[in-house]
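Examining the three-dimensional arrangement
The chain contents come next:
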Amino acid sequence: GFSGPDEFVSNPSVRDAIAQSGLPIHDGTNPPPLIGDYQTTGSVVDASSQIRALVGGSISSLITLYDQTVSGKISLREQASGITVWATGGYITGSNGTFTVYQESSQSGTEAGLPSDVSINVALLMSGAKDANGDLSAQGLSIITNVNSSNPDFPADQIEGVWWKWSADFALQGAPSASRIGIGATTPG
């Protein structure tokens, strides 16, 4: 858990990944409303040295952004390959149609493609812009910030701090409406 974007970015693994990847951060207190379901298509464009083989791989998922508030909170759900990952209690900053979303997700090993006796925390950052049709173009980072394992042979210290950067288009699913894209909506579209 974290209490705001500044605390989120102060984590050394997050700070290092932002610096190494060049991910832009959009500050401000007036981000665009992002409530809705989005089909994403894109690819991994950079990664830390341990997982450089991911670069060039395609990404496709259904992202739901919900519970966006005027105080800068937002929640996220991602569905891909039969797995659903939740990230709640996150923050959003931005202005003039640009945004940065700060999230954290706790995942079991099986959700993350790791052994079942492993759990991880992943910091999720997404920065981009919203167009007039409600679609998004964004870049993002996923950073492993904490690893827990009951297996003494699992190299937890070797994957903490690992990150990958992606770039994707987010196509808003369904027609935009005031209730779907307006700030203050409280349930997924």
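Our subject in this report is the structure included herewith. Predicted model, so just to flag it, every value in this text is computed and none were measured.

Within the structure shown, the criterion is met by four aromatic pairs. When the ring of F8 is compared with that of Y102, the centres are 5.7 Å apart and the planes differ by 80°; the resulting orientation is edge-to-face. You can see F8 sitting in helix α1 (residues 5–10) and its partner Y102 sitting in strand β5 (residues 98–108), a full 94 residues away along the chain. An identical accessibility class is assigned to F8 and Y102; each is buried. Ring geometry for Y38 and F170: centres 6.1 Å apart, planes at 65°, overall edge-to-face.

This brings us to the pattern of salt bridges. Under the counting rule described, the total for this entry stands at one salt bridge. Residue D46 pairs with R52 through a salt bridge whose shortest N-O separation is 2.9 Å.

Ordered by their spatial adjacency, eight strands build a closed barrel running β1-β2-β3-β4-β5-β6-β7-β8, and the pairing between neighbours is antiparallel. The mean inter-strand angle of the sheet, taken between neighbouring strand axes irrespective of direction, is 30°. Bridge analysis of β5 against strand β6 (residues 118–130) gives eleven bridges, and the strand direction is antiparallel. Its bridge partner being in β6, F99 is matched across the sheet by G128. Here helix α2 (residues 12–21) sits on the sheet and contacts β1 (36–47), β6, β7 (136–149) and β8 (163–172); the angle it forms with β7, its principal contact strand, is near 140°.

Take the environment of A138 next. The residue A138 is located in strand β7 in this model. Residue classification places A138 among the buried positions, given a relative accessible area of 6%. Sequence-wise, A138 and S127 are eleven residues apart; in three dimensions their C-alpha atoms are separated by 5.4 Å. Contacts of A138, omitting those with residues within four sequence positions, involve F99, M126, S127, G128, W166, S167, A168 and F170.

This paragraph deals with the environment of F2. Relative to the helices and strands, F2 resides in the segment before α1. When the C-alpha positions of F2 and E104 are compared, they lie 8.5 Å apart, and in sequence the two are 102 residues distant. Once you skip the residues sitting within four places of it in the chain, F2 turns out to touch E7, F8, G90, Y91, Y102, Q103 and E104.

Parameters at a glance
- Residues numbered from 1 in each chain as written.
- Predicted model: local features only at pLDDT ≥ 70, side-chain atom pairs only at ≥ 80, totals over all residues.
- Heavy atoms only, no water.
- Phe/Tyr/Trp six-rings, centres within 6.5 Å; stacked < 30°, edge-to-face > 60°.
- Helix = DSSP H or I, 4+ residues; strand = E, 2+ residues; numbered from the N terminus.
- Buried < 20%, exposed > 50% of the residue type's maximum accessible area, 1.4 Å probe, protein only.
- Salt bridge = Lys/Arg side-chain N within 4 Å of Asp/Glu carboxyl O.
- Pairing = 2+ DSSP bridges.
- Axes fitted to C-alpha atoms, helices over the stretch in contact; angles between N-to-C directions.
- Contact = heavy atoms within 4.5 Å.

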